Amino acid sequence: MKIIITGGAGFIGSHVVRLFVTKYPEYQILNLDALTYAGNLENLRDIEQAPNYRFVKGDITDQAFVDHLFATEEPDAVIHLAAESHVDRSITDPLAFVKTNVLGTVHLLNAARNLWQPLGYAGKTFYHVSTDEVYGSLEMGPELFTETTAYDPRSPYSASKASSDHFVRAWHHTYHLPVKLSNCSNNYGPNHFPEKLIPLALHRIQQREPIPVYGRGENVRDWLFVKDHATAIDAVFHRGRVGETYNIGGVNEWKNLDLIHLLCDVMDEKTGQPQGSSRQLIKFVTDRAGHDLRYAIDSSKIMQELGWKPSVTFEQGLRQTIDWYLENQQWLNRVTSGQYQDYYRQQYAAR
Ligand code: NAD
Ligand code: TYD
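Just so it is clear, the model here is predicted, and its values are computed rather than measured. The residue numbers shown here count from 1 along each chain, following its written sequence. Written order determines the labels here, with chains lettered from A and ligands numbered from 1. Whole-chain, interface and lining totals are the exception, using all residues; otherwise, since this is a predicted model, local features are given only for residues with pLDDT of at least 70 and side-chain atom pairs are given and counted only at 80 or more. Water and hydrogen atoms play no part in the side-chain values, which are based on all heavy atoms of the structure.

Numbered from the N terminus, helices here are DSSP runs of H or I no shorter than four residues, and strands are runs of E no shorter than two. For the chain, the count of helices and strands is 12 helices and 12 strands. For 351 residues, the compact-globule estimate of 2.2 N^0.38 gives 20 Å, and the C-alpha radius of gyration of the chain, at 20 Å, lies within 12% of that figure. Relative accessibility under 20% of the residue-type maximum defines a buried residue, over 50% an exposed one, and the middle range a partly exposed one, all with a 1.4 Å probe and only protein chains included. Buried residues in the chain amount to 56% of all 351 residues. Any pair of residues with heavy atoms lying within 4.5 Å of one another is described as a contacting pair. For the chain, long-range pairs separated by at least 24 residues make up 82% of all intrachain contacts whose partners lie at least 6 apart in sequence. Only carbon and sulfur atoms are counted for the fraction: they give 50% of the accessible area of the chain, which is about 14,500 Å². Positive charges come from Lys and Arg alone, negative charges from Asp and Glu alone, with His and the N- and C-terminal ends not counted. For charged residues, the charge sits on one atom: NZ in Lys, CZ in Arg, CG in Asp, CD in Glu. Averaging the locations of the 34 positively and 41 negatively charged side chains of the chain gives two centres separated by 2 Å. Radius of gyration: over C-alpha atoms. The globule rule applied is 2.2 Å multiplied by the number of residues raised to the 0.38 power. Note on areas: these come from Shrake-Rupley sampling with a 1.4 Å probe, and a residue is covered only by the protein chains present in the view.

Right under this line is the structure:
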């Protein structure tokens, strides 16, 4: 089986690529990524020589390129993660999100249909990886997002992901494309780009710089360890039912301020700073426009139907993450200085 994984140089994509390359040596994995600011091939250094792995630099907003790639590579499956993924960037540049997340997804759907429909679709899969943010925002309380919660996206990012989800389902209903979808909560873990809350806070604590907390830090997110998201994607890809959607979450809700306090305290303990000193770096800043109050997800369908469950507690996952950032300061330095972008030129362009 040949699988195109899009966005494989990004945060979650790199964990999915590694899992598939190492767990399924019989598969050919093609990592298709445009290497935007969020793409970092250093994330895959350990597996880039694997015989069943290849990287292709390309942009899913370019239909001609996507069509050519599908026609020449003839993939059996697509796992689609490539996206613009940061809510704050979507507020300042929404069009980039429409181009990659909506148009790029439709280009992939078109290419997959053109290749597979004449073959009758047997053994083919188009798997779209999405977010729980499509469901909108919850009030404080016990309510959870389920697979039947009505879509109510409220940021340009979530609107673009909701739109792409709708297009994926439309290709299933209209053209019978064999699709699968999953909508996951906030991920954390190694290789997370330091624009998102957890790696940004860890970086600021290391640098002894202010940690920006939007508003009063009251917003709630449900955090899942990225390697557990990758195993959930593996489960949905192999055992999920065609045409179905699976919600994936950590049953692990945290108010932003409580989470930052925890990060500060663990960092103080691990770096020998006086207890409480990192908390002094917290700086309350202007709230994000349209800031969704709470996300929380009901994962019972994937747990019961596919037998998936997270492998680590939040305590374990967070400690692994913090250890990773402390042991990989060079990764962080190269990302924050921009040096990571030279890696492609050095490793691949000359091949
Ligand atoms: P990321 O921003 O870390 O990585 C995105 C990757 O896509 C990068 O490697 C980038 O170079 C690539 N890319 C962007 N535009 C492209 C284009 N036009 N053509 C080809 N490649 C392009 O994102 P992430 O956090 O790893 O998220 C991956 C997917 O999972 C996204 O679809 C996102 O919506 C979804 N998701 C993310 C989270 C989360 O917490 N990060 C949670 C649920 C779902
Ligand atoms: P983020 O990591 O951007 O993920 P998302 O917006 O997709 O949930 O943000 C997580 C939460 O942290 C969100 O409520 C916004 C908040 N936040 C801050 O308070 N400060 C920051 O510097 C960032 C990046 C986020």
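Moving on, we come to helix H7 (residues 226-239). Residues lying three or four places apart along an α-helix face the same way, a consequence of the helix completing one turn every 3.6 residues. Residue count minus one, scaled by 1.5 Å, sets the expected span of a helix. Between its first and last C-alpha, H7 extends 20 Å over 14 residues, near the 20 Å set by a 1.5 Å rise per residue. With 10 of 14 residues buried, H7 lies mostly within the body of the structure. For H7, the complete set of buried residues consists of Val226, Asp228, His229, Ala230, Ala232, Ile233, Asp234, Ala235, Val236 and Phe237.

Let us look at the site of ligand 2. Each residue is tested against the molecule or strand, and it is near if at least one of its non-hydrogen atoms lies within 4 Å. Among the 17 residues in the neighbourhood of ligand 2, the closest are listed as Glu133, Asn186, Arg221, Arg288 and His291. Within 3.5 Å is the distance limit for a polar contact, defined as a pair of N or O atoms, with the added protein rule that one can donate a hydrogen and the other accept it, and that residues adjacent in sequence qualify only through two side-chain atoms. Contact between ligand 2 and glutamate 133: an oxygen atom at 2.6 Å from a side-chain N or O atom of the residue. Between ligand 2 and the protein, one listed contact pairs an oxygen atom with a side-chain N or O atom of asparagine 256 at 2.9 Å. Listing elements by their share of the shell around ligand 2, those giving two or more residues are helix H6 (197-207) and strand E8 (211-214). Each residue is assigned to one class: nonpolar for Ala, Val, Leu, Ile, Met, Phe, Trp, Tyr, Cys and Pro, charged for Asp, Glu, Lys and Arg, and polar for all the others, Gly among them. Tallied by class, residues from the shell around ligand 2 come to 7 nonpolar, 5 polar and 5 charged.

A word on the side chain of asparagine 31. Along the chain, asparagine 31 turns up in strand E2 (residues 28-33). A relative accessible area of 0% means that asparagine 31 is categorised as buried. There is a polar contact of 3.1 Å between the side chain of asparagine 31 and the side chain of tyrosine 53. The contact partners of asparagine 31, leaving out residues within four places of it in the chain, are Ile5, Gly7, Gly8, Ala9, Val17, Leu41, Leu44, Tyr53, Arg54, Phe55 and Val56.

Here the focus is helix H10 (residues 314-327). With 14 residues, H10 ought to run about 20 Å at 1.5 Å a step, and its terminal C-alpha atoms sit 20 Å apart, in line with that. For H10, every residue scored as buried is listed here: Phe314, Gly317, Leu318, Thr321, Ile322, Trp324 and Tyr325. The arc that holds every buried residue of H10, seen down its axis, measures 160°, which confines them to one face. Residues of H10 that are buried make contact with strand E7 (186-188), H6, strand E9 (220-225), strand E11 (253-255), helix H8 (256-271) and helix H11 (329-337). Here the arc refers to the set of directions running from the helix axis out to each C-beta atom.

What follows covers the sheet that holds E7. Pairing is mixed across the open sheet formed by 3 strands, whose spatial order is E7-E9-E11. The sheet terminates laterally at E7 and E11, the two strands that pair on one side only. On average, each strand axis in the sheet is tilted by 50° relative to the strand beside it, whichever way the strands run. By the bridge criterion, 3 bridges tie E9 to E11 in an arrangement that is antiparallel. Bridging across to E11, aspartate 222 finds its partner in glutamate 253. When DSSP locates at least two bridges between a pair of strands, those strands are taken to pair. Here an axis means a line fitted to C-alpha atoms, over the contact stretch when the element is a helix, while the angle between two N-to-C directions is reported on a 0 to 180 degree scale.

Quick look at the pattern of salt bridges now. Salt bridges are defined by distance alone: a side-chain nitrogen of Lys or Arg within 4 Å of a carboxyl oxygen of Asp or Glu. In the structure shown here, the tally under the stated rule is 20 salt bridges. With a closest N to O distance of 2.8 Å, arginine 54 and glutamate 73 form a salt bridge. Of this pair, arginine 54 sits in strand E3 (residues 53-57) while glutamate 73 sits in helix H2 (residues 63-73), and the two are 19 residues apart along the sequence. Residue classification places arginine 54 among the partly exposed positions, given a relative accessible area of 37%. When its relative accessible area of 15% is taken as the criterion, glutamate 73 is described as buried. A salt bridge links glutamate 305 to arginine 241, with the nearest nitrogen and oxygen atoms 2.8 Å apart. One end of the pair, glutamate 305, is in helix H9 (residues 300-306); the other, arginine 241, is in the loop between H7 and strand E10 (245-248), and 64 residues separate them in sequence. By relative accessible area, which is 34% here, glutamate 305 ends up partly exposed. Note on arginine 241: relative accessible area 42%, which makes it partly exposed.

Close to ligand 1 lie 29 residues; Ile12, Asp33, Ser85, Tyr157 and Lys161 are nearest. Between alanine 34 and ligand 1, the recorded distance is 3.0 Å, taken from a backbone N or O atom to a nitrogen atom. Within the backbone of threonine 36, one N or O atom sits 3.0 Å away from an oxygen atom of ligand 1. The protein chains hide 96% of the 830 Å² of surface that ligand 1 would expose on its own. Looking at the shell around ligand 1, the elements that each hand over two or more residues are helix H1 (11-23), strand E5 (125-131), helix H5 (156-175) and E7. Counting residues per element, the shell around ligand 1 draws most heavily on E5, which supplies 3 residues.

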